[in-house]
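# Inside the fold
So you can see what is in the structure, the chains are spelled out below.
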Amino acid sequence: MDIVVDSLLDGARRATGTVVVIDVFRAFTTAAVAFSRGAEKIIMVEAVAEAFALRDAGIGSACMGEVDAVKVEGFDLGNSPFEASEFDFSGRTVIQRTSAGTQGVVAALGRAHRLYAAALVTAPATARAVTAGQPDRVTLVAMGRHGQVRTDEDDICAIHLRNLLEDRTGAPAAVRDLILAGGQIAEFRDPEVAHMHPGDLDICLDIGRYDFAIRVTAEDGRPVARIERV
Ligand SMILES: O=C(O)[C@H](CS(=O)(=O)O)OP(=O)(O)O
Ligand SMILES: [Mg+2]
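Values in this document were obtained by computation on a predicted structure and should not be read as measured data.

### Structural notes on the coordination of the magnesium ion (ligand 2)
In this structure, D23 (OD) and F25 (O) serve as the protein donors to the magnesium ion (ligand 2), at separations of 2.1 to 2.3 Å. Each member of the pair D23 and F25 is classed as buried.

As structure tokens, then:
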């Protein structure tokens, strides 16, 4: 298995083989929480207007996500794993729009042989699912902030996934410690940054919290995510 680590939106656009788009803070952690609470599928979109249009058309029943990390007015919930952990997703088709994660999935959909959306909460299950597909080539894309600036949590998650894919255990405690030492953490703990809940951080860093991967396939030209268990 040939593993390439790439990053940002440009990396998602050029990714080939089995592609794993990584967004730890917070898109794909939030998506995983939604699945754990009963969501049936998540349609991942680029634009806010597209999310509203899909909900208005009855194609989805909840809009989830953010612009500049803040919940969009009129959305059912923001991009917060903590908020998602208190929302009833039972049987719902969710529409998710975020600034980095869903942009990467939309960008990678056309070229990827198989496509996954991953975070630390799903890292071991994602590695198992990718391995089960026996790929010749895997591209791990760390999405960073806005898909433009690299961030510790996504880069470190990519390295952790590469360890797991190459059959090493990795170093989960070190992964957590290194991310907690980074520049992204303060805003989760700042009471004035209301849209970044401290509970988000606890969930995002709970490595292997879920026993499923998030697989994305094209349906009507759109990326649709579902749980994949291996
Ligand atoms: O809501 C988030 O945590 C981020 C916002 S940004 O990319 O840092 O502006 O979105 P995400 O797509 O989850 O990285
Ligand atoms: Mg992010």
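### Points about the site of ligand 1
Every one of the 13 residues lining ligand 1 counts as a neighbour, but D23, R26, N79, T98 and A100 are closest to it. Within the side chain of D23, one N or O atom sits 2.8 Å away from an oxygen atom of ligand 1. Contact between ligand 1 and E66: an oxygen atom at 3.1 Å from a side-chain N or O atom of the residue. Taken by itself ligand 1 offers 360 Å² of open surface, and the protein chains cover 96% of this. For the shell around ligand 1, the residue count by class is four nonpolar, five polar and four charged.

### What about the nonpolar core?
One finds I42, F89 and L115 to be the most contacted residues of the largest nonpolar core, which totals 39 residues. Here this core takes seven residues from helix 2 (residues 27-36), the largest share from any one element. Those residues in contact with L115 that sit more than four places away from it in its chain are V19, V21, V105, A108, L109, I214, R215 and V216. By size, the runner-up hydrophobic cluster in this structure holds 30 residues, among which are I156, L161, C204 and L205.

### Looking at the sheet that holds strand 9 (residues 213-219)
Backbone-to-backbone hydrogen bonds join strands into a sheet, with any given pair of strands oriented parallel or antiparallel. The sheet built from ten strands is open, its strands ordered 1-8-2-7-9-10-3-6-4-5 with mixed pairing. On the outer flanks of this sheet lie strand 1 (2-7) and strand 5 (70-71), each paired with one strand and no other. The sheet contact formed by strand 3 (residues 41-45) and strand 10 (residues 222-228) spans two bridges and is antiparallel. Bridge pairing in strand 10 links I42 to A225. With respect to the sheet, helix 5 (residues 101-108) is in contact with strand 2 (18-22), strand 3, strand 6 (93-97), strand 7 (114-118), strand 9 and strand 10, its orientation differing from that of strand 3 by roughly 85 degrees. Where helix 7 (residues 152-165) meets the sheet, it contacts strand 1, strand 2, strand 7 and strand 8 (137-142), and its direction lies at approximately 155 degrees from that of strand 8.

### As for the pairing of strand 8
Most of strand 8 sits inside the fold, with five of its six residues counted as buried. Where strand 1 and strand 8 come together, six bridges link them in parallel fashion. Looking at strand 8, one finds that D6 is bridged to V141. Pairing analysis gives five bridges linking strand 2 to strand 8, with the strands arranged parallel. Of the residues in strand 8, the one forming a bridge with I22 is A142.

Conventions we followed
- The residue numbers shown here count from 1 along each chain, following its written sequence.
- Note on labels: chains are lettered from A, ligands numbered from 1, in written order.
- Where local features are concerned, this predicted model is filtered to residues with pLDDT of at least 70; where side-chain atom pairs are given and counted, the filter is 80 or more; whole-chain, interface and lining totals use all residues.
- The side-chain figures draw on all heavy atoms in the structure; neither hydrogens nor water molecules are used.
- In this analysis a donor is any N, O or S atom within 2.8 Å of a metal ion (3.2 Å for sodium, potassium and calcium), and since water is not included, sites may seem incomplete.
- In this scheme, a residue with accessible area under 20% of its type's maximum is buried, one over 50% is exposed, and one in between is partly exposed, where area comes from a 1.4 Å probe on protein chains only.
- If even one non-hydrogen atom of a residue comes within 4 Å of a molecule or strand, that residue is called near it.
- Here a polar contact is recorded for every N or O atom pair within 3.5 Å, except that within protein the pair must consist of a potential hydrogen donor and a potential acceptor, and residues adjacent in sequence are included only if both atoms are side-chain atoms.
- What sets the accessible areas is the Shrake-Rupley method with a 1.4 Å probe; for residues, cover comes only from the shown protein chains.
- Each residue receives one of three labels: charged for Asp, Glu, Lys and Arg, nonpolar for Ala, Val, Leu, Ile, Met, Phe, Trp, Tyr, Cys and Pro, and polar for the others, Gly being one of them.
- We define a nonpolar core as any set of buried Ala, Val, Leu, Ile, Met, Phe, Trp, Tyr and Cys residues linked to one another through side-chain atoms lying within 4.5 Å.
- Strands are runs of DSSP state E lasting at least 2 residues, helices are runs of H or I lasting at least 4, and numbering of each runs from the N terminus.
- By definition in these notes, contact holds between two residues if any of their heavy atoms fall within 4.5 Å.
- The pairing criterion is simple: DSSP has to find at least two bridges between the two strands.
- Here the axes come from fitting lines to C-alpha atoms, over the contacting stretch only for helices, and the angles between their N-to-C directions go from 0 to 180 degrees.

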